[in-house]
Amino acid sequence: MKHPLDPLSETEIANAAALVRGKGGLSGQAWFETIALHEPEKTELARGNPPRLAFVCCYDPGSGQTWDGIADLEMGALRNWRHVVGAQARIVAGEFAMGGEIAKADPRVVAALALRGIIDLGDVLIEAWSAGNFGVASEEGERIAYCHCFLRNTAGDNPYARPIANLHPVVDLRRRLVIRVDDFGVVPLPAEGASINVSATRNDLKPLVITQPDGPSFTVEGNLVRWQKWQFRVGFHVRDGLILHMIGYEDEGRLRPIIHRASMAEMVVPYGDPRGGAFRRNAFDTGEYGVGQFLDSLTLGCDCLGHIHYFDCWHHDWLGAPKKIENAICMHEEDFGILWKFTDTVRGGVTVKRSRRLVVSSLSTIGNYVYGFFWYFYQDGTIGIEVKATGIPLGTGAKDNDLARYGTRVAPGIDAHVHQHVFSFRFDMCVDGPRNAVTEVNFAAVPVGPDNPHGNAIRTDERKLTREKEAQRVMDLAAARYWRVINPNKLNAYGEPVGYKLVPGSNALPFSDPNSPVGRRAGFMYKHFWATQYAADELYPAGWYPNLHEGGDGLPRWSEKNRSLDNENVVVWYTLNYHHLPRPEDWPVQPCVYASFHWMPSGFFASNPALDVPSPSAACC
Ligand code: CO
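Residues numbered from 1 in each chain as written. Predicted model: local features only at pLDDT ≥ 70, side-chain atom pairs only at ≥ 80, totals over all residues. Heavy atoms only, no water.

K.L.:
Explain the overall build of the protein chain to me, using residue names and the numbers behind them.
P.N.:
In terms of regular secondary structure, the protein chain is built from 7 helices and 32 strands. The C-alpha radius of gyration of the protein chain comes to 26 Å, within 12% of the 25 Å expected for a compact globule of 621 residues. On the principal axes, the C-alpha backbone points of the protein chain span a range of 80 × 60 × 60 Å. A burial count over the protein chain gives 54% of its 621 residues as buried. Look at the contacts in the protein chain between residues 6 or more apart in sequence, and 65% of them connect residues 24 or more apart. The positive charge centre, built from 62 side chains, and the negative charge centre, built from 71, are 2 Å apart in the protein chain. (Helix = DSSP H or I, 4+ residues; strand = E, 2+ residues; numbered from the N terminus. Rg over C-alpha atoms; globule rule 2.2 N^0.38 Å. Buried < 20%, exposed > 50% of the residue type's maximum accessible area, 1.4 Å probe, protein only. Contact = heavy atoms within 4.5 Å. Lys, Arg positive; Asp, Glu negative; His and termini not counted. Charge placed at Lys NZ, Arg CZ, Asp CG, Glu CD.)

Shown next, in the form of structure tokens:
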């Protein structure tokens with residue numbers, strides 16, 4: 001039995017592609033950027049049985065136009081099928097690969113490589129990155145990729161091992177030709193790139209086996225997951241990757257909704273080196289490429305440990321042919337140490353409960369980097385969101401006596417750039433019902449005086465952010481600031497609106513100038529917290545089509561409407577900035593780095609909702 005929020009099936013993807021090929025009026029060269037479920041709105045879900053719709057986006061190189069609309073899979077019709085004026089579809093995997101091949105075939109590029117002593121192109125990697133929008137007249141309105149070049153190491157296991165500095169073919173992906181070769185001068189090639197596979201591995205690691213003799217404690221029906229008191233649906237999109245829907249927690253026999261839809265909606269990696277062509281490096285991995293199409297097929301025992309449930313995902317290639325990613329989403333339980341404990345030192349007696357969390361995760365390999373998106377559900381009603389980043393830091397070639405001014409010397413002749421990984425998570429909230437409000441909580445020291453004679457008083461200031469222009473906030477360590485989403489229509493046992501609080505973790509702010517090309521396109525990254533009133537077409541914080549866009553779209557533009565957030569369908573956006581100056585220890589491959597934040601119940605329950613977790617059995621203790 002299909003649920004209206006289930007991702008498109010193989011057949012549905014093929015049918016949507018056929019419908020557009022047949023009725024979309026595009027040339028035979030047109031290719032598919034996106035074929036994904038067009039999700040029904042909450043009201044349609046509530047009415048039941050909404051039609052199966054696909055959102056389809058195509059790029060037609062014949063006309064240079066991007067088209068999108070809705071394929072009605074039941075009626076066999078296209079709806080709102082339109083040329084999106086000024087938009088550039090994302091660069092999909094097929095086009096990304098093609099861009100590199102076009103550059104490699106150009107005699108000017110071959111000559112520039114020869115100048116650097118590279119004659120055999122077999123080990124050369126040329127990546128066709130989105131060029132961004134730098135106001136270069138010859139690039140305006142064209143589908144431009146700005147290429148970055150690398151040479152594989154001799155061990156053969158690292159295509160990014162030897163950056164070819166200062167050489168940047170500029171490719172027109174529509175006309176399939178090199179329009180220019182930016183060469184900022186020869187830098188000697190780094191002598192050799194280290195292998196990431198060493199032969200002398202340590203030999204003192206004993207087996208660690210996780211057994212669940214009675215199986216897992218979750219159940220899965222299609223894409224519906226139940227675990228402990230949690231319930232949610234697992235979704236997928238070629239652009240966003242893993243999506244979670246209808247997250248709720250059962251409380252005294254009643255399922256209480258918390259978040260209707262949660263996703264990693266955009267990410268941008270601004271690099272901080274202004275020299276040569278490195279200033280062009282600022283990848284919007286979601287909006288320019290698509291995180292979902294690059295999900296890894298995960299392997300038991302390697303990527304995942306324990307009793308795993310895998311979800312396969314169906315995406316498509318640029319011809320619209322369905323493609324399966326086996327084991328794309330991993331779900332399992334993890335022991336997470338102590339949940340709570342109390343020792344009665346007066347009468348004696350210890351009560352201790354062990355914490356177990358449910359982990360839903362996916363890994364996405366985008367070029368040199370691997371991003372893991374991990375969603376944790378805890379027995380006490382907490383939801384954790386964690387990004388893991390690994391892979392190979394992006395570097396450039398450097399002369400031995402040059403200072404690594406905008407990065408770190410990670411190997412002889414290689415500087416890895418200072419950069420940031422900025423993620424925007426979107427949460428369509430429904431805390432105990434569809435109408436919510438947003439508050440900010442700050443703490444302050446009370447001035448010493450008659451009300452605070454001993455200088456210890458801490459004042460709590462909670463204020464509503466009632467409109468969108470107020471709800472654009474940054475973290476404040478001095479105020480121990482956080483934000484809450486409350487339901488003013490549902491009061492808890494103490495007469496207060498029930499709520500969930502967003503607890504920021506480690507974070508940073510951007511260094512890119514707000515008026516720089518990347519700053520204009522990623523306006524969302526200048527605030528850690530945004531709240532907007534729900535609108536069906538406001539899914540991506542840098543706008544729907546950030547590729548080559550001049551900027552200003554998305555959250556900054558929508559928030560200009562200054563819509564009410566008081567007792568409305570509220571959407572919360574959290575910006576997580578991982579500031580990264582690579583270390584020599586991040587080379588030749590970076591151990592996972594972690595960044596996280598949490599949603600925690602805050603007056604949602606009357607007391608600790610995990611009191612009823614059983615004590616571990618004596619046999620285990
Ligand atoms: Co990094």
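There's plenty left to go through after this.
K.L.:
Pulling in residues and values, what's your account of the coordination of the cobalt ion?
P.N.:
The protein atoms that coordinate the cobalt ion are Tyr 369 (OH), His 419 (NE2), His 421 (NE2) and His 580 (ND1), at distances spanning 2.0 to 2.1 Å. Spacing between the donor residues of the cobalt ion along their common chain follows Y-x49-H-x1-H-x158-H. Each member of the pair, His 419 as well as His 421, carries the same accessibility label: buried. (Donors = N, O, S within 2.8 Å, 3.2 Å for Na, K, Ca; no water.)

K.L.:
Please set out the state of the cysteines residue by residue, giving values where relevant.
P.N.:
Linking two cysteines covalently through their sulfur atoms gives a disulfide. This model, assessed by the stated rule, comprises 0 disulfides. Here Cys 57 stays unpaired: no disulfide links it, and the sulfur of Cys 58, its closest cysteine neighbor, is 6.6 Å away. (Disulfide = S-S within 2.5 Å.)

K.L.:
Can you break down helix H1 (residues 10-23) residue by residue, with the values?
P.N.:
When the terminal C-alpha atoms of H1 are compared, their 20 Å separation across 14 residues agrees well with the 20 Å that a helix rising 1.5 Å per residue should span. Three or more residues of H1 are buried, namely Glu 12, Ile 13, Ala 16, Ala 17, Leu 19 and Val 20. Taken end-on, H1 shows its buried residues confined to a sector of 160°, consistent with a single buried face. Exposed and facing more than 90 degrees away from the buried side of H1 are Thr 11, Ala 18 and Gly 22. Turning to H1, the residues buried within the fold contact strand S1 (31-37), strand S2 (53-60), strand S3 (65-72), strand S4 (77-83), strand S16 (309-316) and strand S17 (322-343). (Expected span 1.5 Å × (residues − 1). Arc of directions from axis to C-beta.)

K.L.:
Describe the nonpolar core, and please don't skip the residues or the numbers.
P.N.:
Ranked by size, the top nonpolar core spans 99 residues in total, and within it Phe 232, Phe 373, Trp 375, Phe 377, Phe 425, Phe 427 and Trp 599 carry the most contacts. Sort the elements by how many residues they give to this core and strand S14 (residues 254-270) lands first, with 6 residues. Taken domain by domain, the makeup of this core includes at least three residues from each of domain 2 (93-183) and domain 3 (240-601). When neighbours within four sequence positions are excluded, Trp 599 is seen to be in contact with Ile 259, Gly 381, Thr 382, Ile 383, Ile 385, Phe 427, Met 429, Val 485, Tyr 500, Lys 501, Leu 502 and Val 572. Within the second largest apolar cluster, 17 residues are counted, among which are Ala 16, Phe 32, Ile 35 and Leu 37. (Core = buried A, V, L, I, M, F, W, Y, C linked by side-chain atoms within 4.5 Å. Domains from an automatic or database assignment.)

K.L.:
Report on the packing of aromatic side chains, specifying residues and quantitative values.
P.N.:
According to the stated counting rule, one finds 31 aromatic pairs in the structure shown. Ring geometry for Tyr 371 and Phe 423: centres 5.7 Å apart, planes at 80°, overall edge-to-face. Within this pair, whereas Tyr 371 is found in strand S19 (residues 369-378), its partner Phe 423 is found in strand S24 (residues 419-429), the two being separated by 52 residues in sequence. Grouping residues by exposure puts Tyr 371 and Phe 423 together as buried. Feature note: the residues Trp 230, Phe 232, Tyr 249, Phe 377, Tyr 500, Phe 604 and Phe 605 constitute an aromatic cluster, connected by ring pairs. Arg 239 extends its terminal NZ or CZ atom over the ring of Tyr 540, reaching a point 3.6 Å from the ring centre. Residue placement shows Arg 256 over the ring face of Phe 604; its charged tip is 3.8 Å from the ring centre. (Phe/Tyr/Trp six-rings, centres within 6.5 Å; stacked < 30°, edge-to-face > 60°. Lys NZ or Arg CZ within 6 Å of the ring centre and 35° of its normal.)

K.L.:
Provide a residue-level description of a nonpolar patch on the surface, including the pertinent values.
P.N.:
Judged by side-chain polarity, Leu 208, Ile 210 and Leu 305 come together as a nonpolar surface patch covering roughly 290 Å² of accessible area. With respect to the helices and strands, Leu 305 occurs in the loop between helix H5 (285-289) and S16. Residue Leu 305 is classed as partly exposed on the basis of its relative accessible area, which comes to 41%. (Patch = residues over 30% accessible without salt bridge, like charges linked within 9 Å, V, L, I, M, F, W, Y side chains within 5 Å. Areas by Shrake-Rupley, 256 points an atom, 1.4 Å probe, with all protein chains shown as cover. Salt bridge = Lys/Arg side-chain N within 4 Å of Asp/Glu carboxyl O.)

K.L.:
Tell me what's going on with unusual backbone geometry, and back it up with residues and numbers.
P.N.:
Here the bond from Trp 587 into Pro 588 is cis, since omega is 0°, no more than 30 degrees from zero. Here the phi dihedral of Met 246 falls at roughly 50°; this positive angle occurs in a residue that is not glycine. With a phi close to 55°, Asp 432 is a non-glycine residue in the positive phi region. Take Asp 432: its relative accessible area is 3%, and that puts it in the buried class.

K.L.:
I'd like a rundown of the pattern of salt bridges, residues and numbers included.
P.N.:
If the charged atoms of two oppositely charged side chains come close together, the side chains can form a pair. This structure, assessed with the given rule, holds 41 salt bridges. Between Arg 175 and Asp 172 there is a salt bridge whose closest N-O contact spans 2.7 Å. Residue classification places Arg 175 among the partly exposed residues on the basis of a relative accessible area of 43%. Owing to a relative accessible area of 0%, Asp 172 belongs among the buried residues under this scheme. For Arg 459, the salt bridge identified is with Asp 461, shortest N-O distance 3.0 Å.

In short, geometric facts, not functional conclusions.
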